[in-house]
Amino acid sequence: MSMLANSLCSSPAVKQPPVITNQPDSITVFGVEDISLTCEASGNPPPEFRWTKDGEEFIPANDPGLSVTPGSGSFATTGAGSGPMSQYQGKYSCYASNELGTAVSNEVQLIAENPPALQKEKKVTKKVEEGESVVLKCNPPFSTVPPVIHWMDRHLLHIKLNDRVTQGRDGNLYFAHVTAADNRNDYTCNAQYMNARTILSKEPITLTVTTSNSLVRNRRPLMMRPSGSHSTYHALRGQSLELECIVQGLPTPTIQWVRKDGELSEVRTSRVLSDRLLRFSSVSESDAGEYQCTASNPQGKAIHTYTVSVEAAPYWTKEPVSQLYAPGETVRLDCKADGIPSPVVSWSINGIPITGIDPDHRRLVRDGVLILKDVAFDDTAVYQCQAHNKHGTILVNTYIYVIELPPQILTADGQMYTFVEGQKALLPCQTYGSPRPKVTWEAESGAVLLDEPRVNLLTNGTLQVTNVSSGDEGLYTCSVVNSNLSINAELEVLNRTVILSPPGPLRVQPGNRATFSCLAQVDSKLTPPHIQWRKDGQKLFQSSSEDKFTFEGPYLIVANVQAEDEGLYTCQVITSLDMVEASGSITVVDRPDPPTKILISDQRDRSVTLSWTMGDDHNSPVIESVVEFEEQRFKEWGWEELKRVTGSKESVTLDLQPYLSYRFRVISVNDIGKSVPSMQSDLYSPPPQAPDKNPEGVRSNSTEPDTLVITWKEMDKREFNGPEFHYRVFWRRVVGDGPTWHSNVTIEPPYTITDVGNFSAFEIKVQTANQEGEGPEPGSVIGYSGEDFPMEAPMDVGVMLLNSTAVTVTWAPVDKETVRGNLLGYKIHLRRFGSRSHHRGRRAREPERSLVVVTGPNEEKKVLGGLTPYSHYALTVTVFNNKGEGPHSETLSFKTDEGAPGPPMSLHLDSPSETEMTLHWTPPAQPNGVLKGYKLQYQQSGNDSPMQEETIDNHTVTQLTLKQLDPHSRYRFSLRGRTSAGDGEPITREGVTTLDGAPPSNIIMSPGEKYVNLSWVPGQRHRSVVFQVQYLKKQDTWTLGKWQQTEKVNSSASFYQLKGLTPGSQYRLRILFSNNTFWDNEISTGGAAEMDVRASFATRGWFIGLVSATVLLFLVLLLLCFIKRNKGGRYSVKDKEEGQIDSEARPMKDETFGEYRLEHLIVF
């Protein structure tokens, strides 16, 4: 019903046609169950109800066994009736009528059945051989509502179903083959009738499985249900469909489903009961076609083809709309339905078929469309459109209400409508009136809206703007044509939500964590979005107990990823106006499983073919297979890699070595890693053969005189090729032995021959051999017997000075016969004894330095450079071979000439004033002669000022003061020593003159409890001065305390810590320099104040002694006064007489006053 009609009907004063609000439902009743059919409707005036049963009028109120609900057409049984329930069986329709028309309900069916009951049965016993198939039948009592079947045992436990034991749609229990474990006598079929609320248990069936000692024969698959090779199924659109494929066979067959005329949808179908059942949850026309079930085991295959045809009960494709009309308008009611076969559409008015009403030239019915021209008030009625085919009937009520009403706009004025870019914007302008008001829309900009293809005016007055953008924002006005009615609507367009960082495809190893991101950009005017994560379309919720899914802002964390976590993960960013989503996936990857079925084939003398079957690659394809072997004869090496096979190949030809015993295994490799090794292959040993090669590295390793040692690189045992492996060693002199070879046999290197002379040349070779024969003919090499030390030293050794640091050494070559070996060259042994300086004591302290220079065998002279000038040297020359050096030549001494000195060892700058600079230096460590003096060069840095020079002719001078320097310039100083050979290398320094120093004044104080830190920044060009810090506790100021002072402090230190202060006290600080105070300040230490026991005289020793002496003196005087008073001392007689008078009332006399005063002074 339209909004206009709802608005009209919401007013109690306006008449309303009847509308069915609660439809009756078809029911099946059993026995004496209650019957209840519901029929409720709205309308004004309230509608009256009536029923038809099987097309005939039925009045429930006239039946004493039925009661009618007041105000509605619903009725129910009361239990007072006397007839059977079957009397109410039939097809019912409800009619609701008032003065504006009659509405009709859907036709429903009431079925009355007797409760299902069991007939007397005989006990069933089945006896089959092990491996055979069997069917246990249920055959439950019939009911129009099929029962749910449960196979149970006597303990009411379900019989376990699997690929071997299956329950068919007919309720029977099917065994593909039986085993001894199937023996039991309590297979019970329980039929559960849901509507009748009844469960019937059939008689238990006994299954006896006989076994024999013979081997159970395997059997090829054979269809059990359905039988044969082809069957046809008819399904109704929207209903469920189940295709069975229950087979027998041994071993248990596996089932595979395919669609022969297309691709089998994994979304629309599911496989249950170990693939024995292909289920369509809601059939559609696209599911019609041919399906094939293939059951297979090692014995063969069984195939069954299903032809599925889909028909449909009628369903609406377009329903007529109830509406208000003004007199004179033309009404068009469209009613279209579809179904298989195509349904027939018919019209009724107020429940009366239109074919039974008098013809009206204004009324036209064609192809389900009813057209009524020039309507009048008496055309107000409820019209029924009905569609039916052999599968059912559907009916829809719609009314035509002819009335005159003034136009109104129902939509509120001044509303703001907010949308997101790209959405379809709808600006409503709901009107009310009859005839229906016509509206127009205008934009604030004055643009003609309907010229824009994105803008449409809907029939209900709503302005629709598709793919809205920010340029569409603004004020829009809706106006009713031929009236002064209008409203304004404001359109606001926000930025669409965009996912900036969507989740992506993740490849994760089991046990690891996967993290998806879903960063989104949302318009600032929108509230923060809600992010909803889904896995395969199902919502994900954070679980504190399992901790599987964790949501952290825009991130989803999947912990401990396992195979069941694979799937499509979707993040939905949901705002109040839009929703965007992006998807990623988790693929669980892992190292591959190890290969299986390692087989050896095509065995040859030096090769075999190894084959294997790949294991599960866990979603990461195998990129190579590594073949390893373990040698079992010698058992020294463990597993070694033999060959790599790329890709997914599952066989390889392996080259083998004779006489070895091989075991093989294979390791699969993918991007994640290596699998564990496969099981080992069988042992294989190629037959022995003669060696293929001779040893490498044959040479003479003779180190002792008169001995020939032949050695070589020992052969790997894996290259022996057979048993009793050994080496044949051959040798002969290059000169003197002729063509004859000497030979011998050994099992390992080296091989030694004696009495062959020193450094004699031999041809040598080594050949391998074993029990099967000898290796290839070896090639020979030249080797020499052992060498001895050279016998003679070089003669005619001479030295020629080239300059102060280089000499040329010459000698005469030795006779090669005296070398007694291979002449490798000469060695010059050079020693330095010190400087030629006259300072003998200094030269004695210099360490000797030795140097050995090696030359080639054909050299007769050598230039020695890098010598120290003005030094004493001695040298000898030897000849050497592989054995060692011969005797030294006679020692030859020589002296090097004087040279330029090295740089002074140090150079320090000191500025006594702003225009003076004093240079202090130490002489060169290497004077290289007699030092005559120094040369100083200096100039201002950073400009082109002339170089100035000072020559110092006294070599003992080690300092020099330069005056009249520019105090604002920086200088560069170069100082070098001088000998008769020239000027030496310089030492260079840069510096500036310094200003007069002063104690710091910009001091920063940082007090603690018992200390204060003083820090300052020293002047960059000021000379350092020494000062002292004086401090005085402020409390001591009033007692004229003495200032304490620190040790001397250097102004260049920049920091000083004054310690030993009292917590919670105030101090005065000042700096003393040259008996003058340069700085004065006060500080307070931190912490609570302490009692100064040192400052309190009450705690001092002298005070305690004074008090003690005073008390003792008082006691002595008191004792003397007491003695004197007892002897009649100088007291007034009258005082004695008036001794009883109060002392305060007694008059004072002079003598008593004097005594009192004396005693008073003594006491105090």
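Quantities reported herein were computed from a predicted structural model and do not represent experimental measurements. (Residues numbered from 1 in each chain as written. Predicted model: local features only at pLDDT ≥ 70, side-chain atom pairs only at ≥ 80, totals over all residues. Heavy atoms only, no water.)

A. Structural context of the nonpolar core. Of all hydrophobic cores here, the largest spans 28 residues; its most connected members are L37, W51, F75, Y88, Y92, L110 and Y401. Contributing elements (two or more residues each) for this core: β9 (90-98), β11 (108-113) and β37 (392-402). (Core = buried A, V, L, I, M, F, W, Y, C linked by side-chain atoms within 4.5 Å. Buried < 20%, exposed > 50% of the residue type's maximum accessible area, 1.4 Å probe, protein only. Helix = DSSP H or I, 4+ residues; strand = E, 2+ residues; numbered from the N terminus.)

B. Quick look at the sheet that holds strand β59 (residues 624-631). Spatial ordering of the open sheet is given by β60-β59-β62, a layout of three strands whose pairing is antiparallel. A single partner strand is all that each edge strand has here, and the edge strands are β60 (639-646) and β62 (662-669). Within this sheet the neighbouring strands show an average axis-to-axis angle of 25 degrees, counted without direction. Strand direction decides the pairing type here: β59 and β60, joined by seven bridges, are antiparallel. The partner of E624 across the bridge, within β60, is T646. (Pairing = 2+ DSSP bridges. Axes fitted to C-alpha atoms, helices over the stretch in contact; angles between N-to-C directions.)

C. A look at the environment of F664. With respect to the element layout, F664 can be found in strand β62. Its relative accessible area of 0% is what places F664 among the buried residues. Along the backbone, F664 and E132 are 532 residues apart, and their C-alpha atoms lie at a distance of 42 Å.

D. How the structure looks around the packing of aromatic side chains. Enumeration over the complete set of coordinates arrives at 29 aromatic pairs. Residues Y233 and Y306 carry aromatic rings whose centres are separated by 5.9 Å and whose planes lie at 50 degrees to one another, so their mutual orientation is tilted. Taken as a pair, Y233 in strand β21 (residues 230-236) and Y306 in strand β28 (residues 300-318) lie far apart in primary sequence, 73 residues in all. The buried category is assigned to Y233, whose relative accessible area is 16%. For the pair F720 and F725, a centre-to-centre distance of 3.9 Å together with 5 degrees between the ring planes defines the contact as stacked. Residue F720 shares its accessibility class with F725, and that shared class is buried. Cluster of aromatic residues (ring-pair linked, three or more members): F634, W637, W712, F720, F725 and Y727. Note that R50 overlies the ring of Y95, its terminal NZ or CZ placed 4.1 Å from the centroid. When the ring centre of Y659 is taken as origin, the NZ or CZ atom of R633, which lies over that ring, is 4.1 Å away. (Phe/Tyr/Trp six-rings, centres within 6.5 Å; stacked < 30°, edge-to-face > 60°. Lys NZ or Arg CZ within 6 Å of the ring centre and 35° of its normal.)

E. Expanded view of the pattern of salt bridges. Using the criterion set out here, one finds 46 salt bridges in the structure. The salt bridge involving R184 is made with D153; its shortest N-O contact spans 3.3 Å. Of this pair, R184 sits in strand β17 (residues 184-193) while D153 sits in the loop between β14 (148-152) and β15 (165-167), placing them 31 residues apart in sequence. By relative accessible area, D153 is classed as buried at 9%. K525 is paired through a salt bridge with E492; the nearest N and O atoms lie 3.1 Å apart. Of this pair, K525 sits in the loop between β50 (519-521) and β51 (530-535) while E492 sits in strand β46 (residues 486-494), placing them 33 residues apart in sequence. (Salt bridge = Lys/Arg side-chain N within 4 Å of Asp/Glu carboxyl O.)

F. Representation of unusual backbone geometry. Note that the residue after N44, namely P45, is joined by a cis bond; omega there is 5 degrees. On the secondary structure map, P45 appears in the loop between β4 (40-44) and β5 (48-53). In this structure, the amide linkage connecting P749 to the following residue, P750, adopts the cis form with an omega of -5 degrees. Within the secondary structure layout, P750 lies in the loop between β66 (742-746) and β67 (751-754). Here the phi dihedral of D602 falls at roughly 50 degrees; this positive angle occurs in a residue that is not glycine. With respect to the helices and strands, the residue D602 is situated in the loop between β57 (596-601) and β58 (607-613). Of note in this structure, Y870 is not a glycine but carries a positive phi near 55 degrees. Relative to the elements of secondary structure, Y870 occurs in the loop between β75 (861-864) and β76 (871-880).

G. Seen up close, the UniProt feature "domain: Fibronectin type-III" (unreviewed entry) in the protein chain. UniProt's entry tags residues 594-688, 691-788, 793-899, 903-997 and 999-1096 with the feature "domain: Fibronectin type-III" (unreviewed entry), counted in the numbering of this structure. Helix makes up 0% of residues 691-788 and strand 41%, and the two end C-alpha atoms of the span are 39 Å apart. In this annotation, residues 903-997 is assigned 0% helix and 55% strand; the end-to-end C-alpha distance for the span is 33 Å. (UniProt positions renumbered as here; feature names shortened; annotations may be inferred.)

H. Inspection of the state of the cysteines at higher detail. Within this structure, the stated rule accounts for six disulfides. Across the disulfide, C335 is cross-linked to C385 (sulfur-sulfur distance 1.8 Å). Across the disulfide from C335 to C385, rotation about the S-S bond amounts to roughly -90 degrees, and the bridge is consequently left-handed. Placement of the pair is C335 in the loop between β30 (331-334) and β31 (336-340) and C385 in strand β36 (residues 381-389), with a sequence separation of 50 residues. C335 sits in the buried class, given a relative accessible area of 1%. The buried category is assigned to C385, whose relative accessible area is 0%. (Disulfide = S-S within 2.5 Å.)

I. Molecular detail of the pairing of β28. Direction of pairing for β21 relative to β28: parallel, over a ladder of seven bridges. What sits directly across from S231, in β28, is Y306. Strand direction decides the pairing type here: strand β27 (residues 289-297) and β28, joined by nine bridges, are antiparallel. Looking across to β28, one finds that Q292 is bridged to T305. With antiparallel pairing between neighbouring strands as the criterion, β27 and β28 make up a hairpin whose turn holds two residues. When β28 meets β31, the two strands line up antiparallel, connected through four bridges. What sits directly across from A312, in β31, is I340.

J. Structural detail: the sheet that holds strand β39 (residues 415-420). Taken together, four strands build an open sheet; the order of strands is β39-β46-β45-β42 and the sheet is mixed. At either margin of the open sheet sits one strand with a lone partner, and together these are β39 and β42 (439-443). Strand-to-strand, the axes of this sheet are offset by a mean angle of 25 degrees, without reference to chain direction. Two strands pair when backbone bridges link them, and β42 and strand β45 (residues 474-480) are joined in this way by five bridges, in the antiparallel orientation. Bridge pairing in β45 links A443 to Y476.

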